[in-house]
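The chain contents come next:
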Amino acid sequence: MQPQILRNQVKSHLLGQIQKGELQVGKTINLASLSRNIGVSVTPIREALSQLEQSRVICAIPNRGFVVPKLNKKEAKNLYETIAQLEITAVESATYHESDLEALRKQQLKLQQAHTSMARLEARLKFHELLVQNSTNLVLLQILDDLKTRLRFYEQGHGNDASFYENVDNQNEAIIRAIEENNVPTAALILKMNWMVVLEYVEKQLVS
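So, a few notes on the structure that sits alongside this text.

Reading the values: the criteria
- Residues numbered from 1 in each chain as written.
- Predicted model: local features only at pLDDT ≥ 70, side-chain atom pairs only at ≥ 80, totals over all residues.
- Heavy atoms only, no water.
- Axes fitted to C-alpha atoms, helices over the stretch in contact; angles between N-to-C directions.
- Helix = DSSP H or I, 4+ residues; strand = E, 2+ residues; numbered from the N terminus.
- Parallel < 35°, antiparallel > 145°, perpendicular 65-115°, else oblique.
- Contact = heavy atoms within 4.5 Å.
- Nonpolar A, V, L, I, M, F, W, Y, C, P; charged D, E, K, R; others polar.
- Buried < 20%, exposed > 50% of the residue type's maximum accessible area, 1.4 Å probe, protein only.
- Expected span 1.5 Å × (residues − 1).
- Bend = angle between axes of the 7 residues up to and from the residue.
- Polar contact = N/O pair within 3.5 Å; in protein donor to acceptor, adjacent residues only side chain to side chain.
- Salt bridge = Lys/Arg side-chain N within 4 Å of Asp/Glu carboxyl O.

Contact pair helix H4 (residues 73-93) / helix H6 (residues 117-132): the axes reach a minimum separation of 8 Å and the direction vectors enclose 40°. With respect to H6, the axis of H4 lies oblique. Along the contact surface, H4 presents Glu-87, Ala-90 and Val-91, while H6 presents His-128, Leu-131 and Val-132. Its residues assigned to classes, the contact of H4 with H6 comprises four nonpolar, one polar and one charged.

Laid out in structure tokens, this is it:
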């Protein structure tokens, strides 16, 4: 099997663990255990972990190995503000068709019907993925994907506030309406507000 395929296999496994909440902050990643679970040698695992380190999803600590770094308010602020700005750039450069709007409406409905914190997080991130997918800037989309992998650690287990999600729902629906009306500046403004609402919520959780 090609080295790139092996690396991607390892990354997919780790991302799956992150999505399920199985990879915890502060936890050292056991290379030997990972090698046994996936069935590949340690070399492509190290390469995949190095790529995730470059994306700031994990970090390398001398004499300890690869670890999921602790969360902090400064990183959260930088992370959410950067994601917001990149998504605005993506939306401003995208072209939307009725099929795209319909996909956003359906995903928004799935978000409203989600009943667990993990399901809400996945549904919300999928909404944003659909929102930016028509951007022609593939580098921007890859950077967004990497940043949102780290973002998951900030939001895991924090999606049980009904008033927070009501606010998010209203903003998502307003974004869809603005795009329908071909009012990209308004869509971009609401999108930024949306991410700042999430940032404020996450910062409160970090304090508590």
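The subject of this paragraph is the side chain of Arg-124. Note that Arg-124 resides in helix H6. Arg-124 sits in the buried class, given a relative accessible area of 0%.

Okay, H6 next. Taking 1.5 Å of rise per residue, 16 residues should cover 22 Å, and H6 covers 23 Å from first to last C-alpha, within 8% of that figure. Among all positions of H6, only Ser-117, Arg-120, Leu-121, Ala-123, Arg-124, Leu-125, Phe-127, His-128, Leu-130, Leu-131 and Val-132 are buried. Of the surrounding secondary structure, the elements contacted by the buried residues of H6 are H4, helix H5 (98-113), helix H7 (138-155), helix H8 (162-180) and helix H9 (184-207).

Across its 18 residues, H7 extends 25 Å between first and last C-alpha, which sits within 8% of the 26 Å expected from 1.5 Å per residue. At Thr-149, H7 shows its largest bend, some 30°. Those residues of H7 lying buried are Leu-140, Leu-144, Leu-147, Lys-148, Thr-149, Arg-150, Leu-151, Arg-152, Phe-153, Tyr-154 and Glu-155. Structurally, the start of H7 carries an N-cap: the backbone nitrogen of Val-139 is 3.2 Å from a side-chain oxygen of Asn-137.

Another aspect to go through is unusual backbone geometry. Across residues other than glycine, the phi torsion is negative in most instances, and most of the peptide bonds are trans. One non-glycine residue, Asn-63, lies in the positive phi region at around 65°. Within the fold, Asn-63 resides in the loop between strand S1 (59-61) and strand S2 (65-67). Assessed through its relative accessible area of 87%, Asn-63 is described here as exposed. Phi is positive for Asn-182, close to 60°, though the residue is something other than glycine.

Quick look at the pattern of salt bridges now. Under the counting rule described, the total for this entry stands at ten salt bridges. Lys-148 is the partner of Glu-87 in a salt bridge, and the nearest nitrogen-oxygen pair spans 2.5 Å. On the criterion of sequence distance, the pair formed by Glu-87 in helix H4 and Lys-148 in helix H7 is long-range, its members being 61 residues apart. Taking relative accessible area as the criterion, Glu-87 reaches 0% and is therefore assigned buried. For Lys-148, a relative accessible area of 10% translates into the label buried.

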